[in-house]
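Remarks on the overall topology
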Amino acid sequence: NAGVMQNPRHLVRRRGQEARLRCSPMKGHSHVYWYRQLPEEGLKFMVYLQKENIIDESGMPKERFSAEFPKEGPSILRIQQVVRGDSAAYFCASGGEKLFFGSGTQLSVL
Amino acid sequence: DAKTTQPTSMDCAEGRAANLPCNHSTISGNEYVYWYRQIHSQGPQYIIHGLKNNETNEMASLIITEDRKSSTLILPHATLRDTAVYYCIVRVAGDYKLSFGAGTTVTVRA
(Lines give C-alpha, C1' and ligand atoms only; values in the text may rest on other atoms or scores of the structure.)
Protein backbone atom coordinates (compact mmCIF):
# COMPACT_ATOMS: atom_id res chain seq x y z
CA ASN A 1 0.00 0.00 0.00
CA ALA A 2 2.99 2.23 -0.52
CA GLY A 3 1.90 5.76 -1.32
CA VAL A 4 -1.61 5.39 -2.78
CA MET A 5 -3.84 7.57 -0.66
CA GLN A 6 -7.56 7.09 -0.38
CA ASN A 7 -10.11 8.98 1.64
CA PRO A 8 -12.31 8.76 3.44
CA ARG A 9 -11.48 5.43 5.01
CA HIS A 10 -15.10 4.88 5.93
CA LEU A 11 -18.15 6.53 4.41
CA VAL A 12 -21.73 6.15 5.51
CA ARG A 13 -24.54 7.27 3.27
CA ARG A 14 -28.30 6.92 3.30
CA ARG A 15 -30.10 5.55 0.29
CA GLY A 16 -30.46 8.20 -2.38
CA GLN A 17 -27.47 10.27 -1.30
CA GLU A 18 -24.28 10.77 -3.25
CA ALA A 19 -20.93 9.21 -2.38
CA ARG A 20 -17.62 10.70 -3.46
CA LEU A 21 -14.47 8.66 -3.02
CA ARG A 22 -11.05 10.17 -3.54
CA CYS A 23 -7.75 8.68 -4.60
CA SER A 24 -4.28 10.11 -5.08
CA PRO A 25 -1.85 7.79 -6.86
CA MET A 26 1.74 7.20 -5.88
CA LYS A 27 4.08 10.07 -6.59
CA GLY A 28 5.12 9.99 -10.20
CA HIS A 29 2.14 7.91 -11.37
CA SER A 30 -0.29 9.61 -13.70
CA HIS A 31 -2.99 6.97 -13.84
CA VAL A 32 -5.29 5.22 -11.44
CA TYR A 33 -7.40 2.11 -11.39
CA TRP A 34 -10.53 1.63 -9.34
CA TYR A 35 -11.63 -1.76 -8.05
CA ARG A 36 -14.66 -2.77 -6.03
CA GLN A 37 -14.92 -5.60 -3.53
CA LEU A 38 -18.42 -6.62 -2.59
CA PRO A 39 -18.86 -8.47 0.71
CA GLU A 40 -17.40 -11.97 0.59
CA GLU A 41 -16.31 -11.53 -3.03
CA GLY A 42 -13.09 -10.87 -4.90
CA LEU A 43 -11.99 -7.54 -6.28
CA LYS A 44 -13.46 -6.50 -9.60
CA PHE A 45 -11.97 -3.97 -11.98
CA MET A 46 -14.12 -0.89 -12.53
CA VAL A 47 -12.27 1.82 -14.40
CA TYR A 48 -8.83 2.97 -15.55
CA LEU A 49 -8.07 6.67 -15.83
CA GLN A 50 -5.17 8.79 -16.85
CA LYS A 51 -5.05 12.50 -16.20
CA GLU A 52 -8.17 14.01 -17.81
CA ASN A 53 -8.94 10.79 -19.71
CA ILE A 54 -10.95 7.68 -19.09
CA ILE A 55 -9.08 4.84 -20.73
CA ASP A 56 -11.30 1.90 -19.87
CA GLU A 57 -14.58 1.97 -17.98
CA SER A 58 -15.74 -1.48 -18.97
CA GLY A 59 -16.22 -2.52 -15.34
CA MET A 60 -18.32 0.44 -14.31
CA PRO A 61 -22.05 -0.02 -13.75
CA LYS A 62 -23.95 1.71 -16.53
CA GLU A 63 -25.89 4.05 -14.30
CA ARG A 64 -25.14 6.24 -11.28
CA PHE A 65 -21.36 5.62 -11.32
CA SER A 66 -18.81 8.00 -12.77
CA ALA A 67 -15.12 8.63 -12.39
CA GLU A 68 -12.76 11.44 -13.18
CA PHE A 69 -9.10 12.27 -12.80
CA PRO A 70 -8.62 15.99 -13.30
CA LYS A 71 -5.39 17.67 -14.25
CA GLU A 72 -5.03 18.86 -10.68
CA GLY A 73 -6.17 16.97 -7.62
CA PRO A 74 -7.18 13.44 -6.82
CA SER A 75 -9.23 11.00 -8.83
CA ILE A 76 -12.88 10.93 -7.81
CA LEU A 77 -15.23 7.98 -7.96
CA ARG A 78 -18.76 9.30 -7.72
CA ILE A 79 -21.83 7.24 -6.96
CA GLN A 80 -25.15 9.01 -7.29
CA GLN A 81 -28.35 7.94 -5.56
CA VAL A 82 -26.67 5.17 -3.64
CA VAL A 83 -28.49 1.93 -2.93
CA ARG A 84 -27.73 -0.74 -0.36
CA GLY A 85 -26.12 -2.91 -3.04
CA ASP A 86 -23.40 -0.28 -3.44
CA SER A 87 -22.10 -1.13 0.02
CA ALA A 88 -18.60 -2.40 -0.61
CA ALA A 89 -14.93 -1.67 -0.26
CA TYR A 90 -13.60 0.50 -3.07
CA PHE A 91 -9.89 0.31 -3.78
CA CYS A 92 -7.74 2.53 -5.90
CA ALA A 93 -4.41 1.47 -7.37
CA SER A 94 -1.59 2.92 -9.40
CA GLY A 95 1.48 1.46 -11.03
CA GLY A 96 2.42 -0.53 -14.07
CA GLU A 97 4.27 -3.81 -13.85
CA LYS A 98 3.26 -3.88 -10.20
CA LEU A 99 0.01 -2.38 -9.01
CA PHE A 100 0.04 -0.68 -5.63
CA PHE A 101 -3.27 -0.42 -3.84
CA GLY A 102 -4.57 2.06 -1.34
CA SER A 103 -6.21 1.10 1.93
CA GLY A 104 -9.64 1.50 0.41
CA THR A 105 -12.87 3.25 1.26
CA GLN A 106 -15.52 1.18 2.99
CA LEU A 107 -18.88 2.48 1.82
CA SER A 108 -21.90 1.61 3.90
CA VAL A 109 -25.36 2.50 2.64
CA LEU A 110 -28.08 2.61 5.27
CA ASP B 1 -13.59 -16.34 -15.67
CA ALA B 2 -10.61 -16.84 -13.38
CA LYS B 3 -7.67 -18.49 -15.10
CA THR B 4 -6.21 -19.90 -11.91
CA THR B 5 -7.22 -22.55 -9.40
CA GLN B 6 -6.18 -22.36 -5.77
CA PRO B 7 -7.15 -24.29 -2.65
CA THR B 8 -9.79 -22.52 -0.64
CA SER B 9 -7.85 -22.49 2.59
CA MET B 10 -4.80 -23.77 4.36
CA ASP B 11 -3.23 -23.61 7.78
CA CYS B 12 0.41 -23.11 8.56
CA ALA B 13 2.42 -23.25 11.77
CA GLU B 14 4.25 -20.12 12.76
CA GLY B 15 7.92 -20.27 11.85
CA ARG B 16 7.40 -22.96 9.23
CA ALA B 17 7.43 -22.53 5.48
CA ALA B 18 4.06 -22.02 3.82
CA ASN B 19 3.73 -23.49 0.33
CA LEU B 20 0.79 -22.14 -1.64
CA PRO B 21 -0.05 -23.97 -4.86
CA CYS B 22 -1.70 -22.50 -7.93
CA ASN B 23 -2.80 -24.14 -11.15
CA HIS B 24 -2.87 -22.13 -14.37
CA SER B 25 -3.01 -24.80 -17.03
CA THR B 26 -4.25 -22.47 -19.79
CA ILE B 27 -1.57 -19.83 -19.29
CA SER B 28 -0.30 -18.19 -22.48
CA GLY B 29 3.31 -17.60 -23.37
CA ASN B 30 3.08 -13.89 -22.70
CA GLU B 31 1.27 -14.16 -19.37
CA TYR B 32 3.03 -13.63 -16.09
CA VAL B 33 2.14 -15.24 -12.78
CA TYR B 34 1.47 -12.68 -10.07
CA TRP B 35 0.84 -13.13 -6.38
CA TYR B 36 -0.94 -10.61 -4.20
CA ARG B 37 -2.26 -10.91 -0.70
CA GLN B 38 -4.97 -9.11 1.19
CA ILE B 39 -4.82 -8.82 4.91
CA HIS B 40 -8.21 -8.28 6.49
CA SER B 41 -9.74 -4.88 5.65
CA GLN B 42 -6.65 -3.71 3.80
CA GLY B 43 -5.86 -3.20 0.14
CA PRO B 44 -4.13 -5.96 -1.82
CA GLN B 45 -0.38 -6.06 -1.46
CA TYR B 46 1.95 -7.09 -4.26
CA ILE B 47 4.18 -10.04 -3.33
CA ILE B 48 6.04 -11.31 -6.36
CA HIS B 49 5.68 -12.15 -10.04
CA GLY B 50 7.47 -14.19 -12.67
CA LEU B 51 7.30 -15.41 -16.24
CA LYS B 52 9.10 -18.73 -16.32
CA ASN B 53 12.12 -18.51 -14.08
CA ASN B 54 11.93 -18.93 -10.34
CA GLU B 55 11.94 -15.65 -8.48
CA THR B 56 12.84 -14.61 -4.94
CA ASN B 57 12.50 -11.36 -3.07
CA GLU B 58 12.42 -10.25 0.54
CA MET B 59 8.89 -11.50 1.00
CA ALA B 60 8.69 -14.82 -0.80
CA SER B 61 9.86 -17.21 -3.48
CA LEU B 62 7.96 -18.17 -6.59
CA ILE B 63 8.54 -21.56 -8.16
CA ILE B 64 7.09 -22.02 -11.66
CA THR B 65 7.03 -25.46 -13.23
CA GLU B 66 8.85 -25.97 -16.49
CA ASP B 67 5.61 -26.30 -18.46
CA ARG B 68 4.31 -23.19 -16.64
CA LYS B 69 1.01 -24.84 -15.87
CA SER B 70 1.39 -24.46 -12.14
CA SER B 71 3.36 -22.55 -9.57
CA THR B 72 4.02 -22.41 -5.84
CA LEU B 73 4.42 -19.39 -3.64
CA ILE B 74 6.70 -20.05 -0.70
CA LEU B 75 6.68 -17.97 2.45
CA PRO B 76 9.91 -19.21 4.04
CA HIS B 77 9.14 -18.46 7.69
CA ALA B 78 5.48 -17.73 8.22
CA THR B 79 4.49 -15.32 10.96
CA LEU B 80 1.09 -14.50 12.40
CA ARG B 81 1.10 -11.33 10.29
CA ASP B 82 1.15 -13.46 7.15
CA THR B 83 -2.44 -14.51 7.83
CA ALA B 84 -4.27 -13.25 4.74
CA VAL B 85 -6.02 -14.18 1.51
CA TYR B 86 -3.44 -14.97 -1.15
CA TYR B 87 -4.33 -14.43 -4.80
CA CYS B 88 -2.60 -16.09 -7.72
CA ILE B 89 -3.23 -14.12 -10.93
CA VAL B 90 -2.11 -14.53 -14.51
CA ARG B 91 -1.60 -11.28 -16.32
CA VAL B 92 -0.40 -10.26 -19.74
CA ALA B 93 2.46 -7.78 -19.54
CA GLY B 94 1.03 -4.29 -19.74
CA ASP B 95 -2.52 -5.38 -18.95
CA TYR B 96 -3.85 -3.22 -16.16
CA LYS B 97 -6.79 -5.43 -15.31
CA LEU B 98 -6.07 -7.89 -12.56
CA SER B 99 -8.63 -10.69 -12.29
CA PHE B 100 -8.91 -11.63 -8.65
CA GLY B 101 -10.43 -15.01 -7.92
CA ALA B 102 -11.36 -16.30 -4.49
CA GLY B 103 -7.76 -16.90 -3.47
CA THR B 104 -6.45 -19.07 -0.67
CA THR B 105 -7.19 -18.07 2.89
CA VAL B 106 -4.00 -18.76 4.81
CA THR B 107 -4.15 -18.93 8.57
CA VAL B 108 -0.87 -18.96 10.44
CA ARG B 109 -1.22 -20.50 13.87
CA ALA B 110 1.07 -20.06 16.84
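None of the values given here were measured: they were computed from a predicted structure. (Residues numbered from 1 in each chain as written. Chains lettered and ligands numbered in written order. Predicted model: local features only at pLDDT ≥ 70, side-chain atom pairs only at ≥ 80, totals over all residues. Heavy atoms only, no water.)

1. Structural notes on the overall build of chain B
Worth spelling out the cut-off: Only runs of H or I of at least four residues qualify as helices and only runs of E of at least two qualify as strands under DSSP, and these elements are numbered from the N terminus. Here the term buried applies to any residue with accessible area under 20% of the maximum for its type, exposed to any over 50%, and partly exposed to those in between, with areas from a 1.4 Å probe on protein chains only. Two residues form a contact once any of their heavy atoms are found within 4.5 Å. Surface accessibility follows the Shrake-Rupley procedure with a 1.4 Å probe radius. Residue values consider only the protein chains on display as shielding. Charge counting follows a simple rule: Lys and Arg are positive, Asp and Glu are negative, and His as well as the terminal groups are ignored. Positions of charges follow a simple convention, taking NZ of Lys, CZ of Arg, CG of Asp or CD of Glu.
Within chain B, the secondary structure is distributed over zero helices and nine strands. Relative to its 110 residues, chain B shows a buried fraction of 44%. For chain B, long-range pairs separated by at least 24 residues make up 55% of all intrachain contacts whose partners lie at least 6 apart in sequence. When the accessible area of chain B is evaluated, it comes to approximately 5600 Å², of which 48% is carbon and sulfur surface. Between the mean site of the 10 positive side-chain charges and the mean site of the 10 negative ones, chain B shows a separation of 2 Å.

2. Describing the pattern of salt bridges
Quick note on the threshold: One speaks of a salt bridge when a side-chain nitrogen belonging to Lys or Arg is within 4 Å of a carboxyl oxygen belonging to Asp or Glu.
Using the criterion set out here, one finds seven salt bridges over all chains in the structure. One salt bridge connects Lys97 of chain B with Asp56 of chain A, and the closest N-O pair in it is separated by 3.1 Å. With one member in each of two chains, Lys97 of chain B in the loop between β8 (84-92) and β9 (104-109) and Asp56 of chain A in strand β6 (residues 53-56) form a pair that bridges those chains. Lys97 of chain B gets classed as partly exposed once you look at its relative accessible area, which sits at 29%. On the basis of relative accessibility, which here comes to 12%, the residue Asp56 of chain A falls in the buried class.

3. Some words on unusual backbone geometry
In the segment running from Asn7 of chain A into Pro8 of chain A, the intervening peptide bond is cis, with an omega of 0°. Mapped onto the secondary structure, Pro8 of chain A falls in the loop between β1 (5-7) and β2 (10-13). Phi at Arg64 of chain A is positive, roughly 75°, even though this residue is not glycine. Among the structural elements, Arg64 of chain A can be located in the loop between β6 and β7 (65-68). Of the residues examined, Arg64 of chain A reaches a relative accessible area of 25% and is grouped as partly exposed. Phi is positive for Ser41 of chain B, close to 70°, though the residue is something other than glycine. Position of Ser41 of chain B relative to the elements: it lies in the loop between β3 (31-38) and β4 (45-50).

4. Some words on the layout of surface pockets
As a reminder, the rule being used: The definitions used throughout rest on a 1 Å grid laid over the protein atoms alone, on which a cavity is an enclosed set of points accommodating a 1.4 Å probe that cannot get out and a pocket is an open set flanked by protein within 12 Å on both sides along at least five of seven lines; lining residues are those having an atom within 4 Å of a point. Grid points are joined across faces, edges and corners, and a volume is the space filled by probe spheres set on the points. Polar here means any residue outside two lists: the nonpolar Ala, Val, Leu, Ile, Met, Phe, Trp, Tyr, Cys and Pro, and the charged Asp, Glu, Lys and Arg; Gly therefore counts as polar.
In this model, the largest pocket occupies a volume close to 640 Å³. Along its surface, the largest pocket is lined by 27 residues, and Gln37 and Glu40 of chain A together with Gln38, His40 and Ser41 of chain B are the ones closest to its centre. Broken down by secondary-structure element, the contributors of at least two residues to the lining of the largest pocket are β9 (88-95) and β11 (105-109) of chain A together with β8 and β9 of chain B. Class assignment of the residues belonging to the lining of the largest pocket gives a composition of eleven nonpolar, 13 polar and three charged.

5. Overview of the interface of chain A and chain B
Quick note on the threshold: Accessible-area loss on putting two parts together, using a 1.4 Å probe and summing over both, is the definition of buried area adopted here. Any pair of nitrogen or oxygen atoms within 3.5 Å is treated as a polar contact; in protein, a donor-acceptor pairing is required on top of that, and neighbouring residues in sequence qualify only through side-chain atoms on both sides.
At the junction of the two partners, chain A supplies 20 residues and chain B supplies 16 residues. Around 1500 Å² of area is buried between chain A and chain B when both sides are counted, 52% of it from carbon and sulfur atoms. Taken together, the connections running from chain A to chain B amount to one salt bridge. For the pair chain A and chain B, the number of links is nine residue pairs in polar contact (both at pLDDT 80 or more). Every element with two or more residues in the side of chain A that touches chain B is listed here: β4 (31-37), β5 (43-50) and β10 (99-101) of chain A. The greatest single-element share of the side of chain A that touches chain B, amounting to four residues, is contributed by β5 of chain A. A breakdown of the residues in the side of chain A that touches chain B according to their chemical character gives eight nonpolar, seven polar and five charged.

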